[in-house]
Amino acid sequence: MTRVLIVDDDDLIRAGLRAVLSAADGVTVAGEAADGDEVVPQALRLRPDVVLMDVRMPRIDGIQATRLLLDRLDDPPRVLVLTTFENDEYVYEALAAGASGFLLKRARPERIAEAVRLVARGDSLLFPEAVRRLAAGHQRPSTGRLPGAPLTEREAEVLRLMAEGLSNAEIAARLVLGVETVKSHVGNVLAKLGVRDRTQAVVAAYRSGFISP
């Protein structure tokens, strides 16, 4: 079961999300929080796999709460930020802070549950086209290089396919490789870039100009 912590300052939204996720297969609601300042204590106590977090909250917003989770927990949960508008500048800042994806508050119930499962698995990118659009306004001039150790030609190829939103299985089919080989390449990319998941790797690739939106 994927354990979810719901964080939103609106009682009705929290209740709606709890109802949606409680009815979804393979997902359980571990708890709730009403503001970002409650996230770290709740995460330490409940040990969720995913934090479904409002990006805008009155005391500590989702961006700062994401940073705090990554700084203070040895094995932090994935963060899926909630937003009203996908082009919200806060969304990009949350992704840059370490969030693994974002979700519109008006999403259909089945899409919410699917997004939670996908982020928990971490084997493909959520909304790759939207991530590309968000990154377009923050891209540096193209250098063809990435921060960290240089990637091999195959690793760079895998990173570009990750940015397209392909899963490990889809990358394996595209490159005619075994899935385990692709997993190994993905792991090498994350390690060389010093990031914890493929979303952060793709954001780094766009931000550095290695990949053009």
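Here the structure is shown first, and the text comes after it.
I will try to describe carefully the structure that is included in this document. Residue positions within a chain follow its written sequence, with the count starting from 1. Given that this is a predicted model, residues contribute local features only at a pLDDT of at least 70 and side-chain atom pairs are listed and counted only at 80 or more, while totals for whole chains, interfaces and linings are drawn from all residues. By convention in this description, side-chain values take in all heavy atoms of the structure and omit both hydrogens and water.

Quick look at the nonpolar core
Right, so step 1: Formed by 54 residues in total, the largest nonpolar core has its most connected members in M53, L69 and L159.
Right, so step 2: Numbering of helices and strands runs from the N terminus; a helix is a DSSP stretch of H or I covering at least four residues, while a strand is a stretch of E covering at least two. Looking at which element gives the most residues to this core, the answer is helix α7 (residues 153-163), with 6 residues.
Right, so step 3: Whether two residues are in contact is decided by their heavy atoms: any pair within 4.5 Å suffices. When sequence neighbours within four positions are dropped, the list of residues in contact with M53 reads V7, V39, G62, A65, T66, L69, V79, L80, V81 and L82. Only buried Ala, Val, Leu, Ile, Met, Phe, Trp, Tyr and Cys residues count toward a nonpolar core, and they belong to the same one when joined by side-chain atoms within 4.5 Å. Exposure is judged per residue with a 1.4 Å probe applied to protein chains only, and the accessible area is read against the type maximum: over 50% gives exposed, under 20% gives buried, and values in between give partly exposed.

Notes on the environment of R106
Right, so step 1: Note on placement: R106 falls in the loop between β5 (101-104) and α5 (109-121).
Right, so step 2: Relative accessible area serves as the criterion here: at 63%, R106 is assigned to the exposed category.
Right, so step 3: On a C-alpha basis, the gap between R106 and T84 in space is 7.3 Å, while along the polypeptide they are 22 residues apart.
Right, so step 4: Within the local environment of R106, its side chain forms a polar contact with the backbone oxygen of T84, the two atoms lying 3.1 Å apart. Polar contact is defined as a pair of N or O atoms within 3.5 Å, subject to the rule that within protein one atom must be able to donate a hydrogen and the other to accept it, and that residues adjacent in sequence are counted only when both atoms are side-chain atoms.

Digging into the packing of aromatic side chains
Right, so step 1: Between 30 and 60 degrees the pair is tilted, below 30 it is stacked and above 60 it is edge-to-face, where a pair is any two Phe, Tyr or Trp rings, Trp via its six-membered ring, whose centres lie within 6.5 Å. In total, this model carries 1 aromatic pair according to the counting rule given.
Right, so step 2: Residues F102 and F127 carry aromatic rings whose centres are separated by 5.7 Å and whose planes lie at 50 degrees to one another, so their mutual orientation is tilted. Residue F102 is found in strand β5, and its partner F127 is found in the loop between α5 and α6 (128-136); the two are separated by 25 residues along the sequence.
Right, so step 3: A ring is considered to have a charge above it if a Lys NZ or an Arg CZ atom is located within 6 Å of its centre and within 35 degrees of its normal. Sitting above the plane of the Y90 ring, R56 keeps its charged end 3.9 Å from the centroid.

Some points on the packing of helix α2 (residues 39-46) against helix α3 (residues 62-72)
Right, so step 1: It is the contact of α2 with α3, at a shortest axis distance of 9 Å, that shows an interaxial angle of 45 degrees. For the element pair α2 / α3, the angle class is oblique. At the point where α2 passes α3, the crossing takes the right-handed sense. Across from V39, V40 and A43 in α2, the residues of α3 making contact are A65, L68, L69 and R72. To get an axis, fit a line to the C-alpha atoms, keeping to the stretch in contact for a helix; angles then go from 0 to 180 degrees between the N-to-C directions. Our angle categories are set so that under 35 degrees counts as roughly parallel, over 145 as roughly antiparallel, 65 to 115 as roughly perpendicular, and the remainder as oblique. Rotating anticlockwise by less than a right angle from the far helix to the near helix defines a left-handed crossing, while the corresponding clockwise rotation defines a right-handed one.

As for α3
Right, so step 1: Taken residue by residue, α3 has G62, I63, A65, T66, L68 and L69 as its buried positions.
Right, so step 2: Where α3 is buried, its residues touch α2, β3 (50-54), β4 (78-83) and α4 (89-97).
Right, so step 3: For α3, the N-terminal capping position is held by D61, with its side-chain oxygen 3.1 Å away from the main-chain nitrogen of I63.

Looking at the packing of α7 against helix α10 (residues 198-208)
Right, so step 1: For the pair α7 and α10, the least separation of the axes is 9 Å and the interaxial angle reads 100 degrees. When the axes of α7 and α10 are compared, the pair comes out roughly perpendicular. Packed against α7, whose contacting residues are L159, M162 and A163, the element α10 presents R198, A201, V202, A205 and Y206 at the interface.
Right, so step 2: All amino acids are sorted into three groups, where Ala, Val, Leu, Ile, Met, Phe, Trp, Tyr, Cys and Pro are nonpolar, Asp, Glu, Lys and Arg are charged, and the leftover types, Gly among them, are polar. Counted by class, the contact of α7 with α10 contains 7 nonpolar, no polar and 1 charged residues.

Regarding the pattern of salt bridges
Right, so step 1: Salt bridge criterion: a side-chain nitrogen from Lys or Arg within 4 Å of a carboxyl oxygen from Asp or Glu. The final tally for this structure, using the stated rule, is 15 salt bridges.
Right, so step 2: Of the charged contacts in the structure, one is a salt bridge between R59 and D37, with a shortest N-O distance of 2.7 Å. Pair noted here: R59 is in the loop between β3 and α3 and D37 is in the loop between β2 (27-33) and α2, with a separation of 22 residues, a long-range link.
Right, so step 3: A salt bridge links D197 to R78, with the shortest nitrogen-to-oxygen separation between them at 3.3 Å. Taken together, the positions of D197 in the loop between α9 (179-193) and α10 and R78 in strand β4 put the pair 119 residues apart, joining distant regions of the chain.

Side note on the pairing of strand β1 (residues 2-7)
One face of the sheet, then the other: side chains in a regular strand alternate in exactly this way.
Right, so step 1: Counted residue by residue, β1 has 5 buried out of 6 residues, so it is predominantly covered.
Right, so step 2: Across 6 bridges, β1 lies against β2 in parallel orientation. What sits directly across from L5, in β2, is G31.
Right, so step 3: Tracing the backbone out of β1, into helix α1 (residues 11-22) and back to the parallel element β2 gives a crossover that is right-handed.
Right, so step 4: In this structure, β1 lies alongside β3, joined through 4 bridges in parallel fashion. Here, a strand pair is defined by DSSP locating no fewer than two bridges between the strands. Every crossover in which the path from the first strand over the helix to the second runs clockwise, viewed with the strands pointing away from the viewer, is termed right-handed.

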